[in-house]
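An overview of the molecular structure
What follows is each chain in one-letter form.
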Amino acid sequence: MPTLFAKPDRESGLDQPLFGAADFGKDFGLLPREKIELMVRRKMILGREALAEDQVQPASLDLRLGPRAFRIRASFLPGVGNSVEDRLQALVGMDDAIDLEGKGAVLERGCVYIIPLIEHLALPKDISAVANPKSSTGRLDVFTRLITDHSQVFDRVARGYEGPLYAEVSPRSFSVRVRKGARLNQIRFRRLNSQQFERTHFGADEKELFRRHSETPLVDRELTRQELCDGLPVHVGLSAEPMDGIIGFRAQKHADILDVDRVAEYRWDEYWDPIRARPDRRLIIDPDEFYILASKERLQIPPDLAAEMVPIDPAMGEFRVHYAGFFDPGFGAGRNGQPSARAVLEVRGYEVPFFIEDGQVIGRLVYEKMSEPPQSLYGEGEGSNYQGQGLKLSKHFRMD
């Protein structure tokens, strides 16, 4: 596989990165592909192996599993003053590693694993990061979260962080085979000005989103400014689809092991049961079941914005929506500036059965400003598996 940059010098460790603020310009926000590549050259992103060129996406970096995994009894966070390695040593011992070299290893459904990643970071004080599962990971119901040393939250990297990265991986529906180098999650980098250091919310406000929609539609329907106060509401589509009336899929309970590196290798009907539209356009989300559904609307992400799907209301508590929430600039861009792609929704039921109806708000798309638009948008290069998508399973399945 081609490499983007020369292999980092391990002897240099995580000492002061070669950081020049002028290289990043005067604008702040999420960093595009070109600035992520600059971070690699400045040794803010390091790896035990050189980065592959296709790891760098328009607004994110794919992270790779390292050569060892550790099965643990339960999830944990290290907490202030503690390293993940120290916690692992206390819980399982570093000699009890699962080897991911060669053909890899099977991660069993329902178990929890910690896997050190190949990449590690040496961020300057004005850059922080946020992580999320990749789209293909979420659609397999593989629950994946990023952990850093000293952290009290998942999927967040504090500004100025220097140290290793770890993935917590827990397959929920299928046992999966993974190996060193597999990419289950991704990371975005956010450059902050000094007034933003203590902020936790960076989404565009309703005034900005309403203006954007009036110029270039964000979705294929009318919007009011009032409904954009917490981001763009996304509705579930449960009416009949062109795909033989199928409006979703439910994961089978006892399917074969699935290799995460094999693309278009598996028959979809050996892992999923189709869900067909009902006359009342409703669906019951059953406890401990996993569903793939799609949004009712089609959407697109402008070149100078990125987006993330967030739950409509965590207090609802009856189901979780969208493990993999990143949408890159250019996603869903269709002809004549019209939205072309539906959001695929990963839905898992919790304690009690729960009715959802066609057109029900099921999530919100929060838009965030890029520091500058990436030179290559989502869908313009190889590896854009979900551009222009409708209801679609992960890239591992053949739909014929």
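So, here is what we can say about the structure in this document. (Residues numbered from 1 in each chain as written. Predicted model: local features only at pLDDT ≥ 70, side-chain atom pairs only at ≥ 80, totals over all residues. Heavy atoms only, no water.)

**Description of the side chain of Asp358**
By the element assignment, Asp358 lies in the loop between strand 25 (354-357) and strand 26 (361-369). There is a polar contact of 2.7 Å between the side chain of Asp358 and the backbone nitrogen of Leu238. At 3.4 Å, the side chain of Asp358 forms a polar contact with the backbone nitrogen of Ser239. Leaving out residues up to four positions away in the same chain, Asp358 has contacts with Val236, Gly237, Leu238, Ser239, Arg281 and Lys296. (Helix = DSSP H or I, 4+ residues; strand = E, 2+ residues; numbered from the N terminus. Polar contact = N/O pair within 3.5 Å; in protein donor to acceptor, adjacent residues only side chain to side chain. Contact = heavy atoms within 4.5 Å.)

**Overview of the packing of aromatic side chains**
Tallying each qualifying case throughout the model produces 10 aromatic pairs. Here Trp272 and Phe290 contribute two aromatic rings whose centre-to-centre distance is 6.1 Å and whose plane-to-plane angle is 45 degrees, an arrangement assigned as tilted. Highlighted residues: Trp272 in strand 18 (residues 272-276) and Phe290 in strand 20 (residues 290-299), separated in sequence by 18 residues. For Trp272, a relative accessible area of 1% puts it in the buried group. For Phe290, a relative accessible area of 1% gives the class buried. Centroid distance Phe327 to Phe331: 5.2 Å. Interplanar angle 75 degrees. Geometry classified as edge-to-face. Take Phe327 and Phe331: they sit in the same class, and that class is buried. (Phe/Tyr/Trp six-rings, centres within 6.5 Å; stacked < 30°, edge-to-face > 60°. Buried < 20%, exposed > 50% of the residue type's maximum accessible area, 1.4 Å probe, protein only.)

**Points about unusual backbone geometry**
Its identity is not glycine, yet Asp141 carries a phi of approximately 60 degrees, on the positive side. Mapped onto the elements, Asp141 comes out in the loop between helix 3 (135-139) and strand 9 (142-148).

**As for the sheet that holds strand 14 (residues 232-235)**
Within the open sheet, the 4 strands sit side by side as 14-26-21-23. Their pairing is antiparallel. At either end of the open sheet lies a strand with only one pairing partner, and these are strand 14 and strand 23 (326-327). Taken together, the 2 bridges between strand 21 (residues 305-311) and strand 23 define a ladder with antiparallel strand orientation. Counted as the bridge partner of Glu308 is Phe326 from strand 23. (Pairing = 2+ DSSP bridges.)

**Focus: the nonpolar core**
Counting 57 residues, the largest nonpolar core has Met39, Leu61, Leu121, Ile187, Phe189, Trp272 and Phe397 as the members making the most contacts within it. In terms of nonpolar packing, the next biggest core, distinct from the first, is built from 33 residues, Leu223, Leu232, Tyr291 and Leu345 among them. (Core = buried A, V, L, I, M, F, W, Y, C linked by side-chain atoms within 4.5 Å.)

**Quick word on the sheet that holds strand 22 (residues 319-321)**
Hydrogen bonds between backbone atoms are what pair the strands of a sheet, whose relative direction is either parallel or antiparallel. Taken together, the 5 strands give an open sheet; going across it, the order is 18-15-20-24-22, and neighbouring strands pair in antiparallel fashion. For this open sheet the edge positions go to strand 18 and strand 22, each flanked by a neighbour on one side alone. Mean inter-strand twist for the sheet, computed between neighbouring axes without regard to direction, equals 30 degrees. Relative to strand 24 (residues 341-349), strand 22 is paired through 3 bridges, and the arrangement is antiparallel. Across the sheet, the residue bridging to Val321 is Val347, located in strand 24. (Axes fitted to C-alpha atoms, helices over the stretch in contact; angles between N-to-C directions.)

**Concerning the pattern of salt bridges**
Under the criterion given, the structure shown has 29 salt bridges. For Arg211, the salt bridge is made with Glu215, and the minimal N-O distance between the two is 2.9 Å. Pair noted here: Arg211 and Glu215 are both in helix 4 (residues 206-215), with a separation of 4 residues, about one helical turn. Here Asp358 ties to Arg281 by a salt bridge, and the two come within 3.7 Å at their closest N and O atoms. A residue pair is termed long-range when its members are at least 10 positions apart, and Asp358 in the loop between strand 25 and strand 26 and Arg281 in the loop between strand 18 and strand 19 (282-285) qualify at 77 residues. A cluster of three or more residues bridged by salt bridges with shared partners is formed by Glu208, Arg211, Arg212, Glu215 and Asp304. (Salt bridge = Lys/Arg side-chain N within 4 Å of Asp/Glu carboxyl O.)

**Concerning the pairing of strand 8 (residues 127-133)**
Of all the 7 residues making up strand 8, 7 are buried; the element is thus mostly covered by neighbouring parts of the structure. The alternating pattern of strand 8 places Ile127, Ala129, Ala131 and Pro133 and Ser128, Val130 and Asn132 on opposite faces, both of which are buried. In this structure, strand 8 lies alongside strand 13 (residues 185-191), joined through 7 bridges in antiparallel fashion. If you follow Ile127 over to strand 13, its bridge partner there is Arg191. Examined bridge by bridge, strand 8 and strand 10 (residues 156-157) share 2 bridges and lie antiparallel to one another. Within the sheet, the bridge partner assigned to Val130 lies in strand 10 and is Arg156.

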